[in-house]
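# Structural overview for review
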Amino acid sequence: MFNPMREYLTIPSRVDVVRAQEITSASESNWELLPKWVGDCYESGQMVVAETGVTIFNGAKALRARPDDFIVRDQAGSFSVYDAASFEQTFIAAHPAEIYKLHAA
């Protein structure tokens, strides 16, 4: 008799993360300290930077990030915004020691 499983884990994947505050406080002279996609998004008009935060256009959807929020870019290039609490619950650091712990479990 078939007994389906009801609980699943998502497959871990790497994402790029930048805190909105890093973008709002960066000047054009130190954009190279941020991931390349940040500058590419800004130059293409996909990102609007203001003192109060960052707006990213993810297709037809506009995502607003306050300075303490995290902007996450997945492997497919899609963006999402997380507040600090949600970010801590959803992501872990991708350090080699942490990855080893995940695979050893």
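This structure is a prediction, so every number in the text was calculated from the model and none was measured.

Model confidence for the chain is summarised by a mean pLDDT of 84, while 82% of its residues fall at 70 or above. Mean pLDDT across the elements of the chain ranges from a minimum in helix H4 (residues 96-104), with 56, to a maximum in strand E4 (residues 61-65), with 96.

Now for helix H2 (residues 36-44). Of the positions making up H2, those classed as buried are Trp37, Val38, Gly39 and Cys41. Of the surrounding secondary structure, the elements contacted by the buried residues of H2 are strand E1 (16-19), helix H1 (20-25), strand E2 (47-50), strand E5 (70-73) and strand E6 (79-82). Immediately downstream of H2, the backbone of Gly45 shows phi near 85°, a positive value.

Right, let's get into the pattern of salt bridges. This model, assessed by the stated rule, comprises three salt bridges. Here Lys36 makes a salt bridge to Asp40, at a shortest N to O gap of 2.9 Å. You can see Lys36 and its partner Asp40 sitting in helix H2, four residues apart, about one turn around the helix.

Calculation notes
- Residues numbered from 1 in each chain as written.
- Predicted model: local features only at pLDDT ≥ 70, side-chain atom pairs only at ≥ 80, totals over all residues.
- Heavy atoms only, no water.
- pLDDT = per-residue confidence, 0-100.
- Helix = DSSP H or I, 4+ residues; strand = E, 2+ residues; numbered from the N terminus.
- Buried < 20%, exposed > 50% of the residue type's maximum accessible area, 1.4 Å probe, protein only.
- Contact = heavy atoms within 4.5 Å.
- Salt bridge = Lys/Arg side-chain N within 4 Å of Asp/Glu carboxyl O.

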